[in-house]
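One letter stands for each residue in the lines below.
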Amino acid sequence: MSDLTFLVAISFLVVTLTYVVMFCGKAANGLSTQIITGVVRGTPVSVGVREGMLWGMWLPYQFAIVIITTLVGIAMLEMANHVSGANVKLLAYLVALMALGNSILTLTIGLNALPRYRAKLRRDKQRQAEGR
């Protein structure tokens, strides 16, 4: 692969990756607030709906970020093997580091947040059953 082709490809991948991660991250953060507070667009929702939001919306957004950043990171490592310029190789390795680091960070945050959200929903379900 020529260095110029690589630079075009890496530009496209970085812009696309940034957009997807920002979109999924914003959506996941918005859902987090709704899951914790129990309020969606000013309307209170049941614990069951919030559980559905956690498993059916928040978790897939987190998973999407981890998967796409991992795939782009691996792609960058592979692309680095097919370019000749030292600076271009360095750029590929830096983008791979950025993508894989983001993947690990998102996975860590998700694995930390998921049990907390589940515990909050369990407490709210118990309070709801007690009539508070």
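Each remark here, short or long, concerns the structure printed above.
Criteria and cut-off values
- Residues numbered from 1 in each chain as written.
- Predicted model: local features only at pLDDT ≥ 70, side-chain atom pairs only at ≥ 80, totals over all residues.
- Heavy atoms only, no water.
- Helix = DSSP H or I, 4+ residues; strand = E, 2+ residues; numbered from the N terminus.
- Rg over C-alpha atoms; globule rule 2.2 N^0.38 Å.
- Buried < 20%, exposed > 50% of the residue type's maximum accessible area, 1.4 Å probe, protein only.
- Contact = heavy atoms within 4.5 Å.
- Areas by Shrake-Rupley, 256 points an atom, 1.4 Å probe, with all protein chains shown as cover.
- Lys, Arg positive; Asp, Glu negative; His and termini not counted.
- Charge placed at Lys NZ, Arg CZ, Asp CG, Glu CD.
- Core = buried A, V, L, I, M, F, W, Y, C linked by side-chain atoms within 4.5 Å.
- Axes fitted to C-alpha atoms, helices over the stretch in contact; angles between N-to-C directions.
- Parallel < 35°, antiparallel > 145°, perpendicular 65-115°, else oblique.
- Left-handed = near helix turned anticlockwise from the far one by under 90°.
- Nonpolar A, V, L, I, M, F, W, Y, C, P; charged D, E, K, R; others polar.
- Expected span 1.5 Å × (residues − 1).
- Patch = residues over 30% accessible without salt bridge, like charges linked within 9 Å, V, L, I, M, F, W, Y side chains within 5 Å.
- Salt bridge = Lys/Arg side-chain N within 4 Å of Asp/Glu carboxyl O.

**Some details on the overall build of the protein chain**
What the protein chain contains, in helices and strands, is three helices and two strands. Seen in sequence order, the protein chain has helices and strands lined up from the N terminus as α-β-β-α-α. Radius of gyration (C-alpha) of the protein chain: 20 Å, far over the 14 Å computed for a compact globule of 132 residues. Across its three principal directions, the C-alpha atoms of the protein chain cover 70 × 25 × 15 Å. Scored against the burial criterion, the 132 residues of the protein chain give a buried share of 32%. Taking the intrachain contacts of the protein chain between residues at least 6 apart in sequence as the baseline, contacts between residues at least 24 apart amount to 77%. Carbon and sulfur atoms provide 69% of the accessible area of the protein chain, an area that totals close to 8100 Å². Each charge sign in the protein chain was given a centre, from 12 positive and 5 negative side chains, and these centres are 11 Å apart.

**What about the nonpolar core?**
By size, the foremost hydrophobic cluster in this structure holds 16 residues, and its most contacted members are Phe6, Ile10, Leu17, Val72 and Met76. Residue assignment for this core shows that the elements contributing at least two residues are helix 1 (3-37), helix 2 (47-80) and helix 3 (86-130). Beyond its immediate sequence surroundings of up to four residues, Phe6 is in contact with Met1, Met76, Met79, Val83, Val88 and Ala92. Formed by twelve residues, the second largest nonpolar core is a distinct cluster that contains Leu31, Ile35, Met53 and Tyr117.

**A closer look at the packing of helix 2 against helix 3**
One can describe the packing of helix 2 onto helix 3 by two numbers: an axis separation of 8 Å at closest approach and a directional angle of 165°. Our classification of the angle between helix 2 and helix 3 gives roughly antiparallel. Of the two elements, helix 2 crosses helix 3, and the hand of that crossing is left-handed. Its residues placed into classes, the contact of helix 2 with helix 3 shows 23 nonpolar, nine polar and seven charged.

**Describing the packing of helix 1 against helix 3**
Packing of helix 1 against helix 3 brings their axes to within 12 Å, and their N-to-C directions diverge by 10°. Taken together, the axes of helix 1 and helix 3 lie roughly parallel to each other. Between helix 1, through Asp3, Phe6, Leu7, Ile10, Val14, Leu17, Val21, Ser32, Ile35 and Ile36, and helix 3, the contact on the second element is made entirely by Val88, Leu91, Ala92, Val95, Met98, Ala99, Asn102, Tyr117, Lys120, Leu121 and Asp124. Tallied by class, the residues present in the contact of helix 1 with helix 3 amount to 16 nonpolar, two polar and three charged.

**What to know about helix 3**
Spanning 45 residues, helix 3 covers 66 Å between terminal C-alpha atoms, matching the ideal 66 Å at 1.5 Å per step. Remark: Gly131 follows helix 3 within two positions and exhibits a positive phi of approximately 85°.

**Quick look at a nonpolar patch on the surface**
The grouping of Phe63, Ile67 and Leu71 at the surface amounts to a nonpolar patch, some 310 Å² of accessible area in total. Tracing the backbone shows Phe63 in helix 2.

Don't take any of this as a statement about function, it's just geometry.
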